[in-house]
Structures are given as structure tokens and as C-alpha cells.
Amino acid sequence: VSTAAASLTMLDWEDWRVEFSIEELDAVAKFFDGCDFAPDANGGDASNARVVSLTGFCQVAAHVLGVRADAVKEEASALCMPFPRFCASVLDVLQCLHEVAARLRWLRPELLCSPAQMRTVRAVWTQQTRGASLLAVTQLYEVVQEVGFFTFDASKLSDQQWLQDVLRRVLSEDASNSESRRQKVHSQGGSLSFLNLLRTLHCAALERNMLHQRNMLALERQARSKVRLTLLEMEDLRELHRSYLSLADVEPVQRL
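Described below are features of the structure shown in this document. From a predicted model like this one, the values you see are computed outputs, not experimental measurements.

The helix and strand inventory of the chain stands at 13 helices and 5 strands. For the chain, the residues scored as buried account for 41% of the 256 residues in total. For the chain, the share of sequence-separated contacts (at least 6 apart) that also reach a separation of at least 24 residues comes to 65%. A total accessible area of about 14,300 Å² is found for the chain, and carbon and sulfur atoms account for 54% of it.

Given below as C-alpha cells:
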């Protein structure tokens, strides 16, 4: 188990596992463990703080979020993150990552799409709008289902209501955003802009993913309780299983 993971309480760890996958958290923990210890007030090493370089943070954030490092740096700069190094705990690093991701979802959602996803979204947008600049909200269910960012059944009333709730939050935030009003990119009446479609897709995908992660955590907690393992013991077991799976060139019986 990494030093970073060991420094988190059970609640901290499970809170962040709702938003980020195990692989993403591992990448952050590996980066954090590679940073130098931050000196404490007495000149010794502060137990939970490291000296984090902005360049290093941008690189690991770019890897986790699947975007360019320069885009991360721009958003980190807008958040007034210290330059060029700052002392932080692993929780601070995760909070910075969360805030950068939130800014990208709102201001530059296209960067969080893969090239294939953007081609699909643009193709569906063009087909549904027939060249217009706005999409009718009544077409949203069909668009979301065609794009396939997440599991969505347009025929289910519960899915429709949930997506409408996500859309209301996006449009409410957009309407109150002075930058959106200045650029005139916000939606109008019963329609929404391409930018707000991307925002809605990303916000809805995040909510669906977080719900899935919560369900998986609940199952894991039940299993851990039955076998009476601590959180750190569970992480050791996870690492052992990951190492086992990495031995792809050995017969399964030999690996076991």
C-alpha cells in the first residue's frame, strides 16, 4: 500500500473512490509518493505533506482526465494554484484535481471528449439540428441515447426525469453565469446550445459513474465485513490480485 493511500482515513478514501477509479487514485498516489517530503516548522519532515510541483501535478492530472497538460495548467492557474511548487497533502492534490476537472467540464467540456466521442456528438448534433445553432430540448433524450456516453433508456420515465434534473441544473448555472451572458452562448427557451449539450453529457456521465462507484463500494464493504479485513488489508489484497493478473505469460494454474 502506498504512503499516500495509507495516510487517508477510510472515509477519505471511500469518498474519493466515488469520484475517481482505483486506477486513477493509484496514479495520483504514485505521483504523490514520488514527491519530496515537505519540511515542518522545526525543520524536519512533515508527515503528510509533500512538495508538489505544478508541472508534475499537471502531468498526472492530464493522465487521469485524459486531456492535454497545458489545458490543466491553464485551469490550475485560473484557480490561483501556487507556482511553481507548493506543499500539499494527498487530499489537497485530490481536491485540486477535482476542481480542475469541474472547471474543464464547465468551461471546456470538449477537451474531456475523445476524438471519437467528439465526432459522434457533432454528427448527432448536425443530424438533429439540421444545421441550426440550438437543439430542441425535446430531442435531448434521443441525442443522449445515440451518443452513448452512458447507459440511458429514453423509454424509461425515471431516466427521463433524472436527465431533466441534470439539464435544469446545467441551464440554471449557465443562466447565472456572467461569462455565458457576455458570450451569448447560453440556451434559450426550450432549446440548448452545443456547449450546454456537452456540459449536460459530462455532468450526467459523472453522476452515473458516481452512482455505480457507490454501489460497488457498498458491495465491497459487505465483502470486507464478512471476511473481517481492514481497509489497508483490502488494498493489499487488491494489489496482490493486480500483480497476479499482470502475469499474463504464465498458465493460470501456475500463476495461482
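Next up on the list: the nonpolar core. Counting residues in hydrophobic clusters, the biggest one holds 34 residues, and the most contacted among them are Val52, Phe57, Leu65, Val72 and Leu97. Of all the secondary-structure elements, those providing two or more residues to this core are helix H3 (22-33), helix H4 (54-65), helix H5 (69-78), strand S3 (85-88) and helix H6 (90-107). Setting aside anything within four residues of it in sequence, one finds Val52 in contact with Phe31, Cys35, Phe57, Pro84, Arg85, Phe86, Ala88 and Val93. Residues Met118, Phe150, Phe152 and Leu201 belong to the second largest nonpolar core, which totals 26 residues.

Time to look at the pattern of salt bridges. Evaluation of the coordinates by the stated rule reveals 10 salt bridges. With its nearest N and O atoms 2.6 Å apart, the salt bridge here joins Glu207 to Arg169. Taken together, the residues span a long stretch of sequence, with Glu207 in helix H11 (residues 194-227) and Arg169 in helix H9 (residues 157-175) at a distance of 38 residues. Residue classification places Arg169 among the partly exposed residues on the basis of a relative accessible area of 39%. Asp174 serves as the salt-bridge partner of Arg199, at 3.0 Å between the closest nitrogen and oxygen. Highlighted residues: Arg199 in helix H11 and Asp174 in helix H9, separated in sequence by 25 residues. Here the salt bridges share partners, and the residues they tie into one network are Glu74, Glu75, Arg103 and Arg108.

Take the packing of aromatic side chains next. Counted by the stated rule, this structure contains 4 aromatic pairs. When the centroid spacing of 5.2 Å and the interplanar angle of 80° are considered together, the rings of Trp125 and Phe194 count as edge-to-face. Taken as a pair, Trp125 in helix H7 (residues 115-129) and Phe194 in helix H11 lie far apart in primary sequence, 69 residues in all. Ring centres of Phe150 and Trp162 lie 5.7 Å apart, and the angle between their planes is 85°; this geometry places the pair in the edge-to-face category. With Phe150 in the loop between helix H8 (140-147) and H9 and Trp162 in helix H9, this pair connects stretches of sequence that are 12 residues apart. Judged by its relative accessible area of 12%, Phe150 is buried.

It is at 9 Å that the axes of H5 and H6 come closest, and there the two elements cross at 105°. Viewed along their axes, H5 and H6 adopt a mutual orientation that is roughly perpendicular. Counted together, Val72, Glu75, Ala76 and Ala78 of H5 and Val100, Arg103, Leu104 and Leu107 of H6 form the full contact between these two elements.

Procedures and definitions
- Residues numbered from 1 in each chain as written.
- Predicted model: local features only at pLDDT ≥ 70, side-chain atom pairs only at ≥ 80, totals over all residues.
- Heavy atoms only, no water.
- Helix = DSSP H or I, 4+ residues; strand = E, 2+ residues; numbered from the N terminus.
- Buried < 20%, exposed > 50% of the residue type's maximum accessible area, 1.4 Å probe, protein only.
- Contact = heavy atoms within 4.5 Å.
- Areas by Shrake-Rupley, 256 points an atom, 1.4 Å probe, with all protein chains shown as cover.
- Core = buried A, V, L, I, M, F, W, Y, C linked by side-chain atoms within 4.5 Å.
- Salt bridge = Lys/Arg side-chain N within 4 Å of Asp/Glu carboxyl O.
- Phe/Tyr/Trp six-rings, centres within 6.5 Å; stacked < 30°, edge-to-face > 60°.
- Axes fitted to C-alpha atoms, helices over the stretch in contact; angles between N-to-C directions.
- Parallel < 35°, antiparallel > 145°, perpendicular 65-115°, else oblique.

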